[in-house]
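Reading the structure
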Amino acid sequence: MEEKKNPKKANLRDHHSIKHVLDESVTEIVTSRGYVEDVRMSNLRLVMGAIIIVLIIYIKEKNAILFTYPPKDSFTSTGLAVSSKLPRFSDLYTLEIASADPKSISANQPVQFTKSVTKWFTKDGILVEGLFWKDIEALIDEYEKEPKKSK
């Protein structure tokens, strides 16, 4: 007994849709004749694409943990790019606040601090949020007070 298949449908106004349906059918017909698909090129393309995406993310984001819009009712037209570093085997945490669009006329100079994480944690590993918040808010205040770039 022959299995009934769903008809393949293409949007006749979209040549990509038509080509996709035709190519899919060709693949099905060829493989049904005993030819096994060699997926090495497809896999290579996927790996190359993944590498390119990772490079783009690395170049754009680097160590970014947060991108923001500008605050409501703000005169600035750019948000923040917040990045952090905590090197392996080090207790020194670096936090940087910069403009999300450094080329903007309203972008301030980046600010950063590097402090030991031992300042913010108890011996039991509990974050002392009050101290941490004060340090972060002071860095935000410093960024907001920075004079604008001179061009």
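Small disclaimer: the values here were computed from a predicted structure and weren't measured. (Residues numbered from 1 in each chain as written. Predicted model: local features only at pLDDT ≥ 70, side-chain atom pairs only at ≥ 80, totals over all residues. Heavy atoms only, no water.)

**Regarding the sheet that holds strand β4 (residues 111-116)**
Taking strand neighbours across the sheet as the criterion, the four strands line up as β1-β2-β3-β4 in an open arrangement whose pairing is antiparallel. The open sheet is flanked by β1 (64-67) and β4, the only strands paired with a single partner. Neighbour to neighbour, the strand axes of the sheet diverge by 15° on average, direction disregarded. One ladder, built from three bridges, connects β1 with strand β2 (residues 80-85); its direction is antiparallel. Along β2, the bridge assignment pairs Leu-66 with Val-82. (Pairing = 2+ DSSP bridges. Helix = DSSP H or I, 4+ residues; strand = E, 2+ residues; numbered from the N terminus. Axes fitted to C-alpha atoms, helices over the stretch in contact; angles between N-to-C directions.)

**Describing a nonpolar patch on the surface**
A contiguous nonpolar surface patch, about 530 Å² in accessible area, is contributed by Val-47, Ile-51, Leu-55, Tyr-58 and Ile-59. Note that Ile-51 resides in helix α2 (residues 40-61). (Patch = residues over 30% accessible without salt bridge, like charges linked within 9 Å, V, L, I, M, F, W, Y side chains within 5 Å. Areas by Shrake-Rupley, 256 points an atom, 1.4 Å probe, with all protein chains shown as cover. Salt bridge = Lys/Arg side-chain N within 4 Å of Asp/Glu carboxyl O.)

**Quick word on the side chain of Ser-99**
The residue Ser-99 is located in strand β3 (residues 92-99) in this model. Among the polar contacts made by the side chain of Ser-99, one reaches the side chain of Thr-78 at a distance of 2.9 Å. A distance of 3.0 Å separates a polar side-chain atom of Ser-99 from the backbone oxygen of Asp-101. The residues touching Ser-99, leaving out its near neighbours within four places in the chain, are Thr-78, Gly-79, Ala-81, Ala-107, Asn-108 and Tyr-143. (Polar contact = N/O pair within 3.5 Å; in protein donor to acceptor, adjacent residues only side chain to side chain. Contact = heavy atoms within 4.5 Å.)

**A few points about the pairing of β2**
Among the six residues in β2, five count as buried, and that is most of the element. Sheet topology note: the β2/β3 ladder contains six bridges and is antiparallel. Paired with Leu-80 across the two strands is Ser-99, which belongs to β3. Taking the residues between adjacent antiparallel strands as the criterion, β2 and β3 are bridged by six residues, where Phe-89 takes a positive phi near 65°. (Buried < 20%, exposed > 50% of the residue type's maximum accessible area, 1.4 Å probe, protein only.)

**Examining the nonpolar core**
Membership of the largest hydrophobic core is limited to twelve residues, which are Leu-80, Val-82, Tyr-93, Leu-95, Ile-97, Val-111, Phe-113, Val-117, Trp-120, Ile-136, Leu-139 and Tyr-143. Secondary-structure elements contributing two or more residues to this core are β2, β3, β4 and α3 (129-145). Each residue touching Tyr-143, except ones within four places of it in the same chain, is listed here: Leu-80, Ile-97, Ala-98, Ser-99, Ala-107, Asn-108, Gln-109 and Val-111. (Core = buried A, V, L, I, M, F, W, Y, C linked by side-chain atoms within 4.5 Å.)

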